[in-house]
Amino acid sequence: MNDGVVFDIIKAMKITRRNLLKITGFSVLAASVLPRVAFAARNSLRSLRTGVQPGNKTRLVIETSMRPSYSLSYPAGQLVVNIANTAANTSVVAKLASDGLVKSISQTQNGDGLQIIANLKKSIAQIPKSGVMILEPNGDNDYRLVLDFIAGTTGTTANDTYTTTSATATTAITAARKYVIVVDAGHGGKDPGCIGKGGTREKDIVLSVAKKLKNKLDANGFKTYLTRDGDKYLKLADRAAIAEKRKADLFISLHANANPSRQMKGFSIYTLSEKASDEEAKKLAEAENAADKIGVEGFTEFEENIRIALSSLQQHAVAEMSEEYATGCAKSFKRASIEQQPGPDVRHAPFAVLRSTVPGALLELGHLSNVAEEKLLKTSSHQDKLVAAIVKSVKNYNFEV
Ligand SMILES: [Zn+2]
């Protein structure tokens, strides 16, 4: 049995990437990296809101990470929007205008698709083509499906596009469990990390940011653990093991950078790859790592070939989810006008601390080797700004795919 066959089976069983991570409790994965083809990109819900437009029109805005492919239907008392190949997102809370026609909104995962159900105060007229817009991303917004509607009655053919669903076929999504985030303050104890010209130590800056980040994430409904909350030395593998032990949904490792050029400044974001994306990434990983190669573990109940295939697929899932988080995180930093190091939004390097089954990223928050940035990184206001951007990136990350 090869990877392709195992993948087909997994796909047929509709096992999501997230559930794939849970197949075994603890498994540190092999260094072999398959081409990243296994999972097709999936759209995800970003926000839901209603407003009121002139002419007594109610406007429903559904924001998604990719261009939505949708259909509408009008069961009694409801407007139902089906969006294909899209994941529900329980962290999205609908913002409803009190004077609009929508009483409440719920979201349901209906197979591969997302179903948005708007419960109405009054019946509405079928939405004409002119009442539907898809807006391109701009500023703080991703793609938006905009629907304008007025009170009235729908025609008899209104339900033609309505596909499936009975009361039992769908289950309302409820946030049963808090998402677990492990925040890793890099270095510590005998390992100061890099040191700025003014004597600022990386281990102190990242610990300060990590503590603030934990408070803010917890205040936003996440359950956050720190790998260290004091000036303590921890091995890289131990940090990854904490994320495994806590069954974390996301792992964020915080660092600050140093560069031989004192001019170099800005943040950079990394995900795990056994092949560095560039020479600088390779050097950085060597500096941050005491890398040791780790073999396939876990999946012991399976035969070796299946074990390796499952492990590879799991690694794929982790890599893709990490990439999605990191991409969103870079966006969040840029939107907060935090200076970015020139180069790609997401870089890749073999960071030992990221070798686990928990999706995550390593954030280099800025350069201590740059005099101005060293000063900035020490200020509480800049640390707060970094924390706010990271919190936003976590809130925007879709944990359910
Ligand atoms: Zn570091």
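Residues numbered from 1 in each chain as written. Predicted model: local features only at pLDDT ≥ 70, side-chain atom pairs only at ≥ 80, totals over all residues.

1. Re the overall build of the protein
Part 1: For the protein, the count of helices and strands is 8 helices and 15 strands.
Part 2: Across the 401 residues of the protein, 41% fall into the buried class.
Part 3: The contacts of the protein with a sequence gap of at least 6 include a subset with a gap of at least 24, amounting to 78%. (Helix = DSSP H or I, 4+ residues; strand = E, 2+ residues; numbered from the N terminus. Buried ≥ 20, exposed ≤ 12 C-beta atoms within 10 Å, placed from the backbone. Contact = placed C-beta atoms within 7 Å.)

2. Here's the deal with the sheet that holds strand E2 (residues 57–64)
Part 1: Within the open sheet, the 5 strands sit side by side as E5-E1-E2-E9-E8. Their pairing is mixed. Two strands lie at the open edges of the sheet, namely strand E5 (86–87) and strand E8 (132–135), each paired on one side alone.
Part 2: Note: strand E1 (residues 43–53) against E5, 2 bridges, orientation parallel. Along E5, the bridge assignment pairs Ser44 with Ala87. (Pairing = 2+ DSSP bridges.)

3. Regarding the pairing of strand E4 (residues 78–83)
Part 1: Of all 6 residues that make up E4, 5 are buried, and the element is covered over most of its length.
Part 2: Sheet analysis places strand E3 (residues 70–73) next to E4, joined by 4 bridges and oriented antiparallel. Its bridge partner lying in E4, Ser71 is registered against Asn82.
Part 3: Taken together, E3 and the strand that follows it, E4, pair antiparallel across an intervening segment of 4 residues, in which Gly77 is found at a positive phi of about 75 degrees.
Part 4: Note that E4 and strand E7 (residues 113–120) share 6 bridges and pair antiparallel. Looking at E7, one finds that Gln78 is bridged to Asn119.

4. Topic: the environment of Lys275
Part 1: Turning to its location among the elements, Lys275 is positioned in the loop between strand E13 (268–272) and helix H5 (279–288).
Part 2: The spacing of Lys275 and Ala349 is 74 residues in sequence and 6.1 Å in space, taken between C-alpha atoms.

5. A word on the sheet that holds strand E15 (residues 360–367)
Part 1: Taken together, 6 strands build an open sheet; the order of strands is E11-E10-E12-E15-E13-E14 and the sheet is mixed. For this open sheet the edge positions go to strand E11 (223–226) and strand E14 (346–349), each flanked by a neighbour on one side alone. Between one strand axis and the next, the sheet turns by 30 degrees as a mean value, whatever way the strands run.
Part 2: As paired strands, E13 and E14 are joined by 4 bridges and run parallel to one another. Its bridge partner being in E14, Leu272 is matched across the sheet by Ala349. (Axes fitted to C-alpha atoms, helices over the stretch in contact; angles between N-to-C directions.)

6. Brief notes about the environment of Gly266
Part 1: Relative to the assigned elements, Gly266 resides in the loop between strand E12 (250–257) and E13.
Part 2: Each C-alpha atom of the pair Gly266 and Glu364 lies 8.5 Å from the other, and the pair is 98 residues apart in sequence.

7. Some points on the pairing of strand E10 (residues 180–185)
Part 1: Counting buried positions over the 6 residues of E10 gives 5, a clear majority of the element.
Part 2: Relative to E11, E10 is paired through 4 bridges, and the arrangement is parallel. Note on E11: the bridge partner recorded for Val180 is Lys223.
Part 3: Following the backbone out of E10, through helix H3 (residues 202–219) and into the adjacent parallel E11, one traces a crossover that is right-handed. (Right-handed = clockwise from strand over helix to strand, strands pointing away.)

8. Focus on the confidence of the model for the protein
Part 1: The share of residues in the protein with pLDDT of 70 or more is 79%, and the mean pLDDT across the chain is 82.
Part 2: With pLDDT under 50 throughout, residues 25–40 is counted as low confidence; its partners more than four residues away or in other chains account for 37 contacts.
Part 3: The low-confidence segment residues 290–296, where pLDDT is below 50, has 14 contacts with residues more than four positions distant or belonging to other chains. (pLDDT = per-residue confidence, 0-100.)

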